[in-house]
Amino acid sequence: EAGVAQSPRYKIIEKRQSVAFWCNPISGHATLYWYQQILGQGPKLLIQFQNNGVVDDSQLPKDRFSAERLKGVDSTLKIQPAKLEDSAVYLCASSPSAVGTQYFGPGTRLTVL
Amino acid sequence: EDQVTQSPEALRLQEGESSSLNCSYTVSGLRGLFWYRQDPGKGPEFLFTLYSAGEEKEKERLKATLTKKESFLHITAPKPEDSATYLCAPYTDKLIFGTGTRLQVFP
């Protein structure tokens, strides 16, 4: 069974630029999550989707971050404009249901200069 | 406020030297606790889920246990390939990750 796919794996941008990350969850998984992991810390939930609806976006900085999951499968996370403190690994995870085990992708390492 | 503390932050072990990692937590509405392993440059890999105090789960050289306030990950006779960061995450309505324990096992 294929795992969670993410792209790109690495991205370097300058502050105030915009960037987008893509995630393809495990086939059949209804729930999709985006996490931010700053170096030396554990992952922090940004947003949770159930199919194509948002369940929890309470920790998403909505002035600069946006995410969508239009057809209930793939998802995109966007940052516009980026700040230096956005440098982190952005992890996507999926689970069969809202309370199921979460399986993580390899992440996208973002460096903002 | 929900809090998760993992100790030690880093642990160096000789191959075969058993030890334990600690995860203490203060959360509201605990529904379970997850352990993940994370290798450098990779996403977290699921290890165990524990749902109630007294529960234990084992996988190869790892055993996870749960009390009302803590969880322990016991590593018996570790090998160099066990080197990784181990993350615990109590589950309420979301996973709340600790900062992890970075384990290094030397031959």
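The structure we're discussing is the one just above.
In this text, all values refer to a predicted model and were calculated from it rather than measured experimentally.

What counts as what
- Position numbers for residues start from 1 in each chain and track the written sequence from start to end.
- To label them, take the chains in the order written and letter them from A, then take the ligands in the order written and number them from 1.
- Totals for whole chains, interfaces and linings use all residues, but because this is a predicted model, local features are given only for residues with pLDDT of at least 70 and pairs of side-chain atoms are given and counted only at 80 or more.
- With hydrogens and water set aside, each side-chain value is computed from the structure's full complement of heavy atoms.
- A run of H or I in DSSP counts as a helix once it spans at least four residues, and a run of E counts as a strand once it spans at least two, with each numbered from the N terminus.
- Every residue pair with non-hydrogen atoms within 4.5 Å of one another is taken to be in contact.
- Only strands joined by at least two bridges in the DSSP assignment are considered to pair.
- The axes are straight lines fitted to the C-alpha atoms, using for helices just the contacting stretch, and the angles between their N-to-C directions are given from 0 to 180°.
- Summed over both partners, the accessible area lost on bringing two parts together, with a 1.4 Å probe, is the buried area.
- Salt-bridge detection follows one rule: a side-chain nitrogen of Lys or Arg within 4 Å of a carboxyl oxygen of Asp or Glu.
- Polar contacts, as counted here, are pairs of nitrogen or oxygen atoms within 3.5 Å of one another; within protein the pair requires one atom able to donate a hydrogen and one able to accept it, and residues that are adjacent in sequence qualify only if both atoms are side-chain atoms.

K.L.:
Help me out: how do you make sense of the environment of threonine 76 of chain B in this one?
P.N.:
Residues and elements named next belong to chain B. Within the secondary structure, threonine 76 sits in the loop between β8 (70–75) and β9 (84–91). A C-alpha to C-alpha distance of 8.6 Å links threonine 76 and serine 20, two positions 56 residues apart in sequence. Other than its neighbours up to four places away in sequence, threonine 76 contacts Ser18 and Arg61.

K.L.:
How should I be thinking about the sheet that holds strand β1 (residues 3–7) of chain B in this particular structure?
P.N.:
Within a beta sheet, neighbouring strands are joined by backbone hydrogen bonds and run either parallel or antiparallel to one another. All names here are of chain B. Across the sheet, five strands lie side by side as β1-β3-β8-β7-β6; this open sheet has antiparallel pairing. Edge positions in the sheet fall to β1 and β6 (56–59), since each has one partner strand and no second. On average, each strand axis in the sheet is inclined to that of its neighbour by 15 degrees, with strand direction left out of account. As defined by bridge partners, β6 adjoins strand β7 (residues 62–66) across four bridges and the pair is classed as antiparallel. Across the sheet, residue lysine 59 finds its bridge partner in β7, namely leucine 62.

K.L.:
Which parts of the structure should I look at to understand the interface of chain A and chain B?
P.N.:
Frequently, the measure chosen for interface size is the accessible area removed from exposure when the parts meet. Contact with chain A, which involves 20 residues of that partner, is made by 18 residues of chain B. Each partner contributes to the roughly 1300 Å² buried at the junction of chain A and chain B, and carbon and sulfur atoms together form 53% of this total. Taken together, the links from chain A to chain B amount to one salt bridge. When the shortest N-O distance is used, the salt bridge between aspartate 56 of chain A and lysine 94 of chain B registers 3.8 Å. If you look at where chain A meets chain B, you find four residue pairs in polar contact (both at pLDDT 80 or more). Of all the secondary structure elements, the ones that give two or more residues to the side of chain A that touches chain B are β4 (31–37), β5 (44–50) and β10 (103–104) of chain A.

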